[in-house]
Amino acid sequence: MYNSMSRNLFITIVILAAVIAFLIVGFVWLRYGMPGGTFDRLQIFGGKKSGDGFFEGGVSFPQSRDQATPLPRLQTPRLIQLTREAVVGPATVRGEEKIKYFKRATGHLYQIDGEGRTPEERLSNLTIAGARDAVWSPNKNHAVVNFLTDSALKHFALSYLGTSSQGIFLPNEIIDAAFSQKDERMAYLLPTGTARTLFVASSDGSGQKNIFTTPLSQLNLSWAGDDISIAAKSSGLTPSFVQRVAINGSSRVIARDIDGLDVRWNAQGTLAVISRTSLRGKNLTIHIMNDKGKIIADLPFATIASKCAWSRLEEETAYCAVPRALPQATYPDAWWQGVVSFSDDLWRVNAATGEADQIFSGRDFDIINLFLSEAEDRLFFLDKKDSTLWTLRLEE
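Residues numbered from 1 in each chain as written. Predicted model: local features only at pLDDT ≥ 70, side-chain atom pairs only at ≥ 80, totals over all residues. Heavy atoms only, no water.

> Describe the overall build of the protein, listing the residues and the values that go with them.
Helix and strand counts for the protein stand at 2 helices and 32 strands. For the protein, the proportion of contacts with a sequence separation of at least 24, taken over those separated by at least 6, is 43%. Just so you have it, the protein exposes about 20,300 Å², and 54% of that area is on carbon and sulfur atoms. (Helix = DSSP H or I, 4+ residues; strand = E, 2+ residues; numbered from the N terminus. Contact = heavy atoms within 4.5 Å. Areas by Shrake-Rupley, 256 points an atom, 1.4 Å probe, with all protein chains shown as cover.)

The following block contains the structure:
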C-alpha cells in the first residue's frame with residue numbers, strides 16, 4: 001500500500017511539473033517570440049456595424065514586445081456604407097459632419113452622421129413620392145427635387161428650416177435648375193414662347209430676375225463662379241457648346257462644336273473638368289479647361305466629367321471616378337442610359353499640371369454624385385448600380 005501511494009504521488013508530481021513547464025514555455029513564446037520570427041500582429045477582418053453605418057474592411061492591432069506600449073485606438077474603417085436603401089440628392093450639412101438625403105422609395109428627408117456612427121434621423125414628414133434627384137443650396141436649407149409622376153418629370157422647391165419644411169411645385173416646363181456654389185442664389189430655365197429664358201433668384205425663389213434669352217433647347221445649367229454656364233445636353237451624337245452668362249446678362253461662348261461634351265466647373269469658375277469624344281461618341285478623353293475655353297491639361301485617364309468633383313479649399317484640386325475599362329459604346333449616352341456600367345477607381349487630380357494619383361481601388365462601384373465633406377477629409381458618393389450611399393476617408 002505504501003509503495004502504491006508513493007507511485008501515485010510520483011505520477012502527480014510529474015504531471016504538475018509538465019503543466020508548469022508547458023505554461024512557462026507558452027509564456028516565453030508569446031512574450032519573446034518564436035525562433036526565426038516574431039509574434040507581433042493580430043489582425044481582425046470583416047465588417048462591423050455601427051448605428052446605420054455599415055463598416056467595410058478591417059482594423060489591425062499591433063502587439064509590441066514592450067508591454068509598456070499601449071495598444072492604439074480603434075479607428076473607423078476607411079470605407080463605410082452609410083445606407084442600405086436607395087437614396088437621392090445627398091449633400092453635406094453645413095457646420096456639421098452629417099449628410100442629408102432623400103430616400104428614393106418614400107421621398108422622405110433623412111440625415112446621418114458622416115461616419116455612420118449613429119442611426120439615421122428622419123427630418124421631415126413631407127413625402128415626395130418618386131424622387132429621382134435633388135440639388136441643394138450652399139446652406140442646405142433649400143432644394144429643388146426632381147420626381148417622376150404619371151410618367152412625367154416634375155420639380156418641387158423645398159425649404160427646410162430647423163424642424164419644419166415647406167415647399168411649392170415648380171412649373172412643369174422648367175428645363176433645368178442649379179444653385180450657386182458660392183452664395184444663396186439659384187438659376188433656372190423656362191420656355192417663353194419659342195425661346196428659353198434664364199432667370200436668377202434667391203435660393204428661396206424670391207426676387208427672380210430675367211437675365212438672358214436663347215432660342216436653343218435641351219440645355220444644362222451650372223454655376224461657374226458668379227456666372228451661369230449653359231451647355232447643350234451631353235451626347236456623343238450631337239456637337240455641343242459652353243456659354244457663360246454674367247448676372248448683368250452679357251454672355252460669351254467659350255467652346256463650341258464638341259462631341260460628347262460634359263463639364264464640371266470649380267466653385268471659383270476659373271477651371272473646369274471637361275470630357276469629350278470623337279465623332280459618334282468614340283475615343284472618350286478628359287481635360288482641364290480654363291475660363292477662356294482653352295484646354296490647359298490632358299488627364300492620364302478616361303472618364304466622364306460628371307464623375308468628378310472639385311475641392312472648395314484647393315482651387316486646383318479635383319477628384320474623379322475613373323472606369324477600369326470602357327466597353328465599346330457611344331459615350332456618354334450609353335452610360336447615362338444604363339446600357340453600360342463601370343467599375344471605378346478614385347483619382348486625385350492636380351489641375352494645374354494635369355498630374356493624377358490613384359487613391360482608391362478594388363471595389364465594383366459605378367460612382368455618381370461625388371462630393372467632399374466640409375473638412376475635405378472624406379469623399380461621399382452614390383453607387384449608380386443600387387443608389388446606396390458610401391463614404392471614403394481620404395487619408396489612410
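Moving on from the coordinates now.
> Tell me about the sheet that holds strand 16 (residues 195-202), residues and numbers included.
The sheet built from 4 strands is open, its strands ordered 14-15-16-17 with antiparallel pairing. Because the sheet does not close on itself, it has two edges, and the strands there are strand 14 (176-179) and strand 17 (209-214). In this sheet, adjacent strand axes meet at a mean angle of 20 degrees when their direction is disregarded. Taken together, the 5 bridges between strand 16 and strand 17 define a ladder with antiparallel strand orientation. What sits directly across from Leu198, in strand 17, is Phe212. (Pairing = 2+ DSSP bridges. Axes fitted to C-alpha atoms, helices over the stretch in contact; angles between N-to-C directions.)

> Give me the pattern of salt bridges: which residues, what numbers.
If you walk through the whole model with that rule in mind, you get 15 salt bridges. With its nearest N and O atoms 3.6 Å apart, the salt bridge here joins Glu96 to Lys98. Between Lys307 and Asp366 there is a salt bridge whose closest N-O contact spans 2.8 Å. Of this pair, Lys307 sits in the loop between strand 25 (295-298) and strand 26 (308-310) while Asp366 sits in the loop between strand 29 (355-360) and strand 30 (367-372), and the two are 59 residues apart along the sequence. There is no split in this pair, since Lys307 and Asp366 are both buried. Within the structure, one salt-bridge network assembled from shared partners comprises Asp113, Glu115, Arg117 and Arg378. (Salt bridge = Lys/Arg side-chain N within 4 Å of Asp/Glu carboxyl O. Buried < 20%, exposed > 50% of the residue type's maximum accessible area, 1.4 Å probe, protein only.)

> An account of a negative patch on the surface is requested, with residue identities and associated values reported.
A surface patch of like charges, here negative, comprises Glu97, Glu374, Asp377 and Glu395. Tracing the backbone through its elements, the reader meets Glu97 in the loop between strand 6 (87-92) and strand 7 (98-103). For Glu97, a relative accessible area of 37% translates into the label partly exposed. (Patch = residues over 30% accessible without salt bridge, like charges linked within 9 Å, V, L, I, M, F, W, Y side chains within 5 Å. Lys, Arg positive; Asp, Glu negative; His and termini not counted. Charge placed at Lys NZ, Arg CZ, Asp CG, Glu CD.)

> Tell me what's going on with the state of the cysteines, and back it up with residues and numbers.
As enumerated under the stated definition, the model contains 1 disulfide in all. One disulfide in the model links Cys308 with Cys320; its S-S distance is 2.1 Å. Across the S-S bond of Cys308 and Cys320 the torsion is about 110 degrees, and the bridge reads as right-handed. Of this pair, Cys308 sits in strand 26 while Cys320 sits in strand 27 (residues 317-323), and the two are 12 residues apart along the sequence. An identical accessibility class is assigned to Cys308 and Cys320; each is buried. (Disulfide = S-S within 2.5 Å.)

> Talk me through the sheet that holds strand 8 (residues 109-113); I want residue IDs and the actual numbers.
Strand order in the open sheet formed by 4 strands is 6-7-8-9, and the pairing between neighbours is antiparallel. A strand with exactly one partner marks an edge of an open sheet, and here the two such strands are strand 6 and strand 9 (121-122). As defined by bridge partners, strand 7 adjoins strand 8 across 5 bridges and the pair is classed as antiparallel. Paired with Ile99 across the two strands is Ile112, which belongs to strand 8.

> Summarise the nonpolar core; cite the residues concerned and give the values.
Formed by 20 residues in total, the largest nonpolar core has its most connected members in Leu82, Ile99, Tyr101, Trp335, Val340, Phe342 and Leu389. Among the secondary structure elements, those contributing two or more residues to this core are strand 7, strand 8, helix 2 (333-336), strand 30 and strand 31 (378-383). Not counting residues up to four positions away in its chain, the partners in contact with Trp335 are Ile304, Lys307, Val340, Phe342, Asp366, Ile367, Ile368 and Lys384. Phe301, Ala305, Trp310 and Ala356 belong to the second largest nonpolar core, which has 17 residues in total. (Core = buried A, V, L, I, M, F, W, Y, C linked by side-chain atoms within 4.5 Å.)

> Account for unusual backbone geometry, naming residues and giving values.
The residue after Tyr331, namely Pro332, is reached through a cis peptide bond having omega 0 degrees. Along the chain, Pro332 turns up in the loop between strand 27 and helix 2. In the Ramachandran plot, Lys140 falls in the positive-phi region, its phi being about 65 degrees despite a non-glycine side chain. Position of Lys140 among the secondary structure elements: in the loop between strand 10 (131-136) and strand 11 (142-149). The residue Gln218 is not glycine, and still its phi comes out positive at about 55 degrees. Along the chain, Gln218 falls in the loop between strand 17 and strand 18 (219-224).

> With reference to specific residues and values, describe empty space enclosed by the protein.
A complete count under the given rule lists 2 cavities of 30 Å³ or more for this structure. Of the pockets and cavities examined, the second largest cavity occupies roughly 30 Å³. Lining the second largest cavity we find Thr92, Glu96, Glu97, Lys98, Ile99, Gly114, Ser373, Glu374 and Phe380. When the residues that make up the lining of the second largest cavity are grouped by side-chain class, the tally is 2 nonpolar, 3 polar and 4 charged. (1 Å grid on protein atoms, 1.4 Å probe; cavity = no way out; pocket = protein on both sides within 12 Å on 5 of 7 lines; lining within 4 Å. Points joined across faces, edges and corners; volume = space filled by probe spheres on them. Nonpolar A, V, L, I, M, F, W, Y, C, P; charged D, E, K, R; others polar.)

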